[in-house]
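Analysis of the macromolecular model
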Amino acid sequence: MVQAIMVREGEQGDIAQVETLTADDFPDHPVTVEVEYSSLNYKDGLAITGAAPVLSSKPMVPGIDLAGIVTASADDRWQPGDRVLVNGFGVGERHWGGLAQRARVSGDWLVRIPDSFDTRQAMAIGTAGYTAMLCVQRIETLGATPTGGPVLVTGASGGVGSVAVAVLGKLGFEVLASTGRLAERDYLLGLGASEVLDRSTLSEPGRPIGKERWQAAVDAAGSHTLANVLAGTRYGGVVAATGLAQGPDLPGSVYPFILRNVTLAGVDSVMQPLPVRTEAWARLSRDLDPAKLEQTTTEVSLSGALELAPKLLEGAVRGRTVVAVND
């Protein structure tokens with residue numbers, strides 16, 4: 001018998017609650033993982049609250065992340081005792097996810113946890129931190145260097161932003177952290193930010209092109225924020241876009257692209273191939289300070305995740321939330 005968050009259709013909307021399941025309830029995938037930790041992400045908040053139709057079918061166990069120990073495997077690549085994690089591939093949306101004490105998954109979805117991390121740390125990073133590293137790698141590939149000038153991070157006190165600030169700071173970048181919660185200034189400076197900016201300076205409609213301010217940016221907001229980020233990017237700079245916290249629209253102009261040679265690079269975390277995932281996690285094991293990671297992390301139980309989901313969607317949750325599924 002295992003505990004899991006289950007989302008079911010109700011007469012007046014979806015109902016999410018902690019339920020007791022049996023082994024026979026779980027989907028028939030070849031690898032069984034005893035989950036030790038999951039995490040709470042924006043997409044999980046949408047699934048739990050029903051605020052957006054992110055679940056392809058119901059009933060569904062949400063949770064786009066999980067970390068634990070393989071207990072049974074019909075896939076030769078994985079053996080009982082292997083320490084593994086899952087990010088993406090539709091887990092928690094199309095396939096039963098990680099907000100449960102057990103998961104059955106495809107061997108294609110698994111990544112070995114680096115030796116330097118335990119399962120809790122792997123979920124303190126989770127999809128958000130892994131995505132942040134993908135963004136850092138993308139701006140590096142497209143020319144950003146520690147000596148090239150400031151790098152802006154929007155949504156800096158959220159999951160992606162917090163890890164991006166910590167990684168960029170450790171790599172020696174001058175980090176400008178934009179947030180709507182200026183009370184988190186000391187938190188962001190402690191992670192490695194050089195300066196904290198008020199989100200309102202970027203979130204309103206702005207000029208199609210403005211003063212050159214940063215060599216690169218990691219954006220988790222979209223909408224007017226992303227348009228203003230592009231407008232303030234220096235000649236030849238790059239913006240890695242990976243979120244839509246403000247909205248999915250992009251109400252800007254082509255001027256940054258054709259007058260300043262700016263690159264807008266989209267970053268997806270869901271369907272990245274295994275070599276890309278493995279390299280991103282290897283980089284995290286080298287370039288993310290475990291002490292800084294712990295500063296970003298809050299821990300809750302399965303029932304606590306249910307309570308926290310609405311606050312996450314309101315932007316009232318700092319950093320990363322680890323879910324201890326066995327508490």
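The paragraphs below set out a description of the structure included in this document.

The rules behind each value
Residues numbered from 1 in each chain as written. Predicted model: local features only at pLDDT ≥ 70, side-chain atom pairs only at ≥ 80, totals over all residues. Heavy atoms only, no water. Phe/Tyr/Trp six-rings, centres within 6.5 Å; stacked < 30°, edge-to-face > 60°. Helix = DSSP H or I, 4+ residues; strand = E, 2+ residues; numbered from the N terminus. Buried < 20%, exposed > 50% of the residue type's maximum accessible area, 1.4 Å probe, protein only. Lys NZ or Arg CZ within 6 Å of the ring centre and 35° of its normal. Pairing = 2+ DSSP bridges. Axes fitted to C-alpha atoms, helices over the stretch in contact; angles between N-to-C directions. Lys, Arg positive; Asp, Glu negative; His and termini not counted. Salt bridge = Lys/Arg side-chain N within 4 Å of Asp/Glu carboxyl O. Polar contact = N/O pair within 3.5 Å; in protein donor to acceptor, adjacent residues only side chain to side chain. Contact = heavy atoms within 4.5 Å. 1 Å grid on protein atoms, 1.4 Å probe; cavity = no way out; pocket = protein on both sides within 12 Å on 5 of 7 lines; lining within 4 Å. Points joined across faces, edges and corners; volume = space filled by probe spheres on them. Nonpolar A, V, L, I, M, F, W, Y, C, P; charged D, E, K, R; others polar. Parallel < 35°, antiparallel > 145°, perpendicular 65-115°, else oblique. Left-handed = near helix turned anticlockwise from the far one by under 90°.

1. Comments concerning the packing of aromatic side chains
Per the stated rule, a full pass over the model turns up 3 aromatic pairs. Consider the rings of F26 and W96, whose centres lie 5.5 Å apart with planes at 70°: the pair is edge-to-face. Here F26 is found in the loop between β2 (13-21) and β3 (31-40), whereas its partner W96 is found in the loop between β5 (83-87) and β6 (102-105), with 70 residues between them in sequence. Under the relative-accessibility criterion, F26 is labelled buried at 6%. A relative accessible area of 15% places W96 in the buried class. For the ring pair F117 and W281, a centre distance of 6.4 Å and an interplane angle of 80° mean the geometry is edge-to-face. Taken together, the residues F117 in the loop between β7 (110-112) and α2 (119-141) and W281 in helix α8 (residues 274-287) connect sequence positions 164 residues apart. For the residue pair F117 and W281, the accessibility class agrees, reading buried in each case. Grouping aromatic residues by their ring pairs yields a cluster made of F117, Y130 and W281. The residue whose ring lies beneath R318 is Y187, and the NZ or CZ to ring-centre distance is 4.1 Å.

2. Focus on the sheet that holds strand β13 (residues 263-266)
Spatially, β10-β9-β8-β11-β12-β13 is the arrangement adopted by the 6 strands of the open sheet, whose pairing is parallel. Each having just a single partner strand, β10 (195-198) and β13 make up the two edges of the open sheet. Across this sheet, the average inter-strand angle for adjacent strands is 20°, counted without regard to direction. Looking at chain direction, strand β8 (residues 151-153) and strand β11 (residues 214-219) are connected through 3 bridges and run parallel.

3. A short note on the side chain of D44
Tracing the sequence through the fold places D44 in helix α1 (residues 42-49). Buried within the structure, D44 lacks any salt-bridge partner; R320 is the closest side chain of opposite charge, at an N-O distance of 7.0 Å. Among the polar contacts made by the side chain of D44, one reaches the main-chain amide nitrogen of N41 at a distance of 2.9 Å. Beyond its immediate sequence surroundings of up to four residues, D44 is in contact with S39, G63 and I64.

4. Points about the layout of surface pockets
Gaps between atoms show up when a probe of the same size as a water molecule is rolled over them. Within this model, the second largest pocket holds a volume of roughly 170 Å³. Residue lining of the second largest pocket: T201, L202, G206, R207, G210, K211, R213, W214, N228, A231 and G232, and that is the complete set. Residue composition of the lining of the second largest pocket, grouped by class: 3 nonpolar, 5 polar and 3 charged.

5. Some points on the environment of L21
Tracing the backbone through its elements, the reader meets L21 in strand β2. For the pair L21 and V2, spaced 19 residues apart in sequence, the C-alpha separation works out to 5.3 Å. Setting aside anything within four residues of it in sequence, one finds L21 in contact with M1, V2, A4, M6, F26, V61 and W96.

6. A look at the packing of α1 against helix α10 (residues 302-313)
In the contact formed by α1 and α10, the axes pass within 8 Å of each other and the chain directions differ by 115°. With respect to their mutual orientation, α1 and α10 come out roughly perpendicular. Two packed elements cross with a definite hand, and for α1 against α10 that hand is left-handed. Counting all contacts with α1, which are made through Y42, G45, L46, I48 and T49, the residues of α10 involved are A305, L306, A309, P310, L312 and L313.

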